[in-house]
Amino acid sequence: MANKVTQISREDLEELREAFNRIDTDNSGFVSDFELQELFREASFSMPGYRVRDIVEIFVAGDTNKDGKISFEEFVSVRFKIHRHCKSKELSETFKKTIHLYLSRREGIQSFGGLSENLQLGEPYSTSDEEKVAFVNWINKSLAKDEDCKHLLPMNPDGDSLFKSVKDGILLCKMINLSQSDTIDERVINTKKHTTFTMTENLMLAINSALSIGCTVVNIDAPDLMAGKPHLVLGLLWQIIKIGLFADIEISSNEALINLLFEGEELEHLMSLSPEELLLRWVNHHLGNAGAQPISNFSQDIKDSRAYFTLLDQISPKGEDIDEMAIHIDMTGINERDDERRAEMMLRQAARLDCRQFVSPMDVVSGNSKLNLAFVANLFNTHPALKRTNSNNIDTALIEGESREEKTFRNWMNSLGVAPYVNHLYCDLCDAVVILQLYEKVNVPVEWKKVNRPPYSALGSNMKKLENCTYAVELGRNKARFSLVGIGGVNLNEGSPMHTLALVWQLMRRYTLQVLSDLGDGEKIGDQIIINWVNTQLKEGGKDSQISSFKDKLISTSLPVIDLLDTIAPKSIKEELVKRGELSDADKLNNAKYAITVSRKIGARVYALPDDLVEVKPKMVLTVFACLMGRGMKKADG
């Protein structure tokens, strides 16, 4: 059946795209409930409350896939539904005034969303199709040599093979490992038999592993992916690909990024920038070296391809190293009059750097910011062209990589869909907006009218953030009943690692145990209850392993976890893959990888890393056993 097409003017489209992009503060391509609430709170003083409620109700009805998020397509459809269903233009004008007021009061960077084939500007225009083509080409190139994907690749970018290819879960698991290596123990992937059961297991493994690396997976389950629902497949793949592209765009991974420091700028500020902001600064660094004008976004400012031509010329290998072959960029195309032909000529030069990925000439000319961001990230990862800098007068001791604990907490937050996206645990939490969203995730009500929201005015901005932090600590003490001795709002505002981690851990612990409390009819679940349950299950399953606490050294072998898995999910463990007896460090790590991956495969949302088991980190060990207890109790109830 043909898709219904909505005719919209270019002016309306551009206005709505700008509104959507600015509301979409976490750059997810969707507007979350939180972000929608922010829009209406920001503008509500200009309209009666009942009008706000009317619009919100239409938005809820417009969430066609009921995933709790509004896509750009749904956003535009709601705008026209409001106009179509109103006998007068009053409500429609109210919506329009809301958009104008919001845009006039809020500064923001361009984000990444687009139209699907249901929306039309004169003729069919499909960002989803463009993303599909870009992702297919990237996957074909990235997994070309993977034996387990031979039955899937190469995919045809012009058909629907991408949506069919995710059905057995193998491709998604491989892409996750490509983005974050060793996330999945590939021995656990069902690669031989493609039955409904084995494919469902693979998809469950992919979903839970995607969560563990920070993807937001809202109301996506194995049947959705098995059905190849395009918007869900594209949304999940974009998150996975983006995480991989951004993995090394941080100073702790590439100290040469210090070259991007402005004169007089503190290193701490550079370290606080998001990967998108660092990429923009990297491009402008090379444009500046060439005497070219800087750009401010990856949409409007790159449409003519001239900035790209200059960037390619600056980063192309110059043959300075013995084993490096110089590549001379042909700049004649920069003078081509036709934008699309100029873009094609630029991409031919990018191909010589093996970097013609993600964008077509039309994607450049149309300013598709999502795909252009991916194109630039791939350029950076392949040819950063930043020499190691002389670090005189720079305290490189400040450059520390993210700890495992910090990474786990950050991925957990992002998987819950907090806005804005958390790139750096401490500076991104210093206004407590994310922390307050986490309170709501653990059923602690937040009075949002008390919360100061970004963007903050230059005058008194830190005071506004401090007020939020003080409120967050008060909620923790008085409502959540957390132990926050010696922790004040100023500690969160200053990004104190010790104090921030203390609060975040209690939030994650509450979130993890919340499922157990729900299954236990509200019973408060403590550590000893979990330990007793684990030991009871092990004993009833005829296993010899028992644990005395979450610090028990036996946990370093992962055998208690593996034996528990074998008890609550029979046949999930292949004994030939388990090492017992005298174990080397490598044996322990292999057991841990296996245990964590199988846990996710059977449906446990485990965020802990294999090293947490090997090193017996009590906090993370607790979350593993708590998640398995939740899985076991659900099985017993069902």
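Student: Please provide a residue-by-residue account of the overall build of the protein chain, values included.
Tutor: When you go through the protein chain residue by residue, the secondary structure sums to 27 helices and five strands. Looking at the protein chain as a whole, 54% of its 638 residues are labelled buried. Of the contacts formed within the protein chain by residues at least 6 apart in sequence, a portion of 63% connects residues at least 24 apart. Here the protein chain has roughly 29200 Å² of accessible surface; of this, 49% comes from carbon and sulfur atoms.

Student: Describe the packing of aromatic side chains, with residues and values.
Tutor: For the structure shown, the criterion picks out eight aromatic pairs. Between arginine 281 and the ring centre of phenylalanine 262, over which it is positioned, the NZ or CZ distance is 3.7 Å.

Student: Please give an account of the environment of glutamate 277 that cites residues and values.
Tutor: By the secondary structure assignment, glutamate 277 is in helix α13 (residues 275-289). On the accessibility criterion, glutamate 277 (36% relative accessible area) is partly exposed. Remark: the alpha-carbon pair of glutamate 277 and asparagine 297, spanning 20 residues in sequence, is separated by 9.4 Å.

Student: Break down the nonpolar core for me, citing the residues and quoting the values.
Tutor: With 172 residues, the main nonpolar core has Leu279, Trp282, Phe375, Met413, Tyr439, Ile530 and Phe625 as its most contacted residues. It is helix α11 (residues 230-246) that provides the largest number of residues to this core, a total of eleven residues. Setting aside its immediate chain neighbours within four residues, tryptophan 282 contacts Leu260, Leu311, Ile315, Val376, Leu379, Phe380, His383, Pro384 and Leu386. The next biggest cluster of nonpolar side chains, apart from the first, holds five residues, and it includes Phe20, Ile70, Phe72 and Val76.

Student: Talk me through the packing of helix α14 (residues 306-315) against helix α15 (residues 339-352); I want residue IDs and the actual numbers.
Tutor: Between α14 and α15, the shortest axis-to-axis distance is 10 Å and the interhelical angle comes to 20°. When the interaxial angle is binned, α14 and α15 end up roughly parallel. Pair α14 / α15 crosses with left-handed handedness. Where α14 abuts α15, its residues Arg306, Tyr308, Phe309 and Leu312 lie against Arg342, Met345, Met346, Gln349 and Ala350. Residues that form the contact of α14 with α15 fall into these classes: six nonpolar, one polar and two charged.

Student: Can you break down unusual backbone geometry residue by residue, with the values?
Tutor: That bond from leucine 153 to proline 154 is cis: its omega, 0°, falls within 30 degrees of zero. The topology assignment puts proline 154 in the loop between α6 (127-142) and α7 (161-165). With an omega dihedral of 0°, the bond running from alanine 419 to proline 420 counts as a cis peptide bond. As for its position among the elements, proline 420 is in the loop between α18 (404-415) and α19 (433-441). The residue alanine 385 is not glycine, and still its phi comes out positive at about 55°.

Student: Quick rundown of the side chain of glutamate 406? Include the residues and the values.
Tutor: Topologically, glutamate 406 is positioned in helix α18. Here glutamate 406 is buried and forms no salt bridge, its nearest opposite-charge partner arginine 410 lying at an N-O distance of 7.9 Å. Within the structure, the side chain of glutamate 406 is placed 2.9 Å from the backbone nitrogen of serine 403, a separation counted as a polar contact. If we skip the residues at most four places from it in the chain, glutamate 406 touches Gly401, Leu425, Tyr426 and Leu501.

Student: I'd like a rundown of helix α8 (residues 170-179), residues and numbers included.
Tutor: With nine of ten residues buried, α8 is to be regarded as a mostly interior element. All of the buried residues in α8 are Ile170, Leu171, Leu172, Cys173, Lys174, Met175, Ile176, Asn177 and Ser179.

Student: Go over the packing of α19 against helix α20 (residues 461-478) with me, naming the residues and quoting the values.
Tutor: Across the interface, α19 lies against α20 with an axial gap of 9 Å and an inter-helix angle of 25°. Judged by the inter-axis angle, α19 sits roughly parallel to α20. Viewed along their axes, α19 and α20 form a crossing whose handedness is left-handed. Facing α19, whose interface residues are Val433, Ile435, Leu436 and Tyr439, α20 presents Asn468, Tyr471, Ala472, Leu475 and Gly476.

Student: How would you explain α18 if you had to name every residue and give the values?
Tutor: The end-to-end C-alpha separation of α18 is 16 Å, in line with the 16 Å expected for twelve residues at 1.5 Å each. Across the twelve residues that make up α18, a large majority, nine, are buried. Here α18 has its buried residues at Glu406, Thr408, Phe409, Arg410, Asn411, Trp412, Met413, Asn414 and Ser415. Positive backbone phi, approximately 85°, marks glycine 417, located one or two places after α18.

Student: Tell me what's going on with the environment of leucine 279, and back it up with residues and numbers.
Tutor: Mapped onto the elements of the fold, leucine 279 is located in helix α13. For leucine 279, a relative accessible area of 0% translates into the label buried. For the pair formed by leucine 279 and leucine 373, sequence separation is 94 residues and the distance between their alpha carbons is 8.3 Å. Sequence-distant contacts of leucine 279, that is, excluding residues within four places in its chain, are made with Phe246, Ile249, Phe298, Leu373, Val376, Ala377 and Phe380.

Student: Explain the side chain of asparagine 202 to me, using residue names and the numbers behind them.
Tutor: Checked against the element boundaries, asparagine 202 lands in helix α9 (residues 196-212). Residues contacting asparagine 202, with those up to four places away along its chain left out, are Asp168, Gly169, Ile170, Cys173, Ile189 and Asn190.

Student: I'd love a proper account of the pattern of salt bridges, names of residues and values included.
Tutor: Enumeration according to the criterion identifies 30 salt bridges in this entry. A salt bridge links glutamate 131 to lysine 370; the nearest nitrogen and oxygen atoms lie 3.1 Å apart. Highlighted residues: glutamate 131 in helix α6 and lysine 370 in helix α17 (residues 369-382), separated in sequence by 239 residues. We note that glutamate 131, like lysine 370, is buried. With a closest N to O distance of 3.3 Å, arginine 404 and aspartate 612 form a salt bridge. Note that arginine 404 is positioned in helix α18 and aspartate 612 in helix α26 (residues 610-614), a separation of 208 residues in sequence. Residue classification places arginine 404 among the partly exposed positions, given a relative accessible area of 25%.

Student: Outline the confidence of the model for the protein chain, listing residues and values.
Tutor: For the protein chain, mean pLDDT is 85; residues scoring 70 or higher make up 79% of the total. Below pLDDT 50 for its whole length, residues 42-47 participates in twelve contacts with residues either more than four positions away or in separate chains.

Student: Break down the environment of leucine 501 for me, citing the residues and quoting the values.
Tutor: In this structure, leucine 501 sits in helix α22 (residues 497-519). On a C-alpha basis, the gap between leucine 501 and leucine 425 in space is 9.0 Å, while along the polypeptide they are 76 residues apart. Filtering out sequence-adjacent residues up to four positions away, leucine 501 remains in contact with Glu405, Glu406, Phe409, Leu425 and Tyr426.

Procedures and definitions
- Residues numbered from 1 in each chain as written.
- Predicted model: local features only at pLDDT ≥ 70, side-chain atom pairs only at ≥ 80, totals over all residues.
- Heavy atoms only, no water.
- Helix = DSSP H or I, 4+ residues; strand = E, 2+ residues; numbered from the N terminus.
- Buried < 20%, exposed > 50% of the residue type's maximum accessible area, 1.4 Å probe, protein only.
- Contact = heavy atoms within 4.5 Å.
- Areas by Shrake-Rupley, 256 points an atom, 1.4 Å probe, with all protein chains shown as cover.
- Phe/Tyr/Trp six-rings, centres within 6.5 Å; stacked < 30°, edge-to-face > 60°.
- Lys NZ or Arg CZ within 6 Å of the ring centre and 35° of its normal.
- Core = buried A, V, L, I, M, F, W, Y, C linked by side-chain atoms within 4.5 Å.
- Axes fitted to C-alpha atoms, helices over the stretch in contact; angles between N-to-C directions.
- Parallel < 35°, antiparallel > 145°, perpendicular 65-115°, else oblique.
- Left-handed = near helix turned anticlockwise from the far one by under 90°.
- Nonpolar A, V, L, I, M, F, W, Y, C, P; charged D, E, K, R; others polar.
- Lys, Arg positive; Asp, Glu negative; His and termini not counted.
- Salt bridge = Lys/Arg side-chain N within 4 Å of Asp/Glu carboxyl O.
- Polar contact = N/O pair within 3.5 Å; in protein donor to acceptor, adjacent residues only side chain to side chain.
- Expected span 1.5 Å × (residues − 1).
- pLDDT = per-residue confidence, 0-100.

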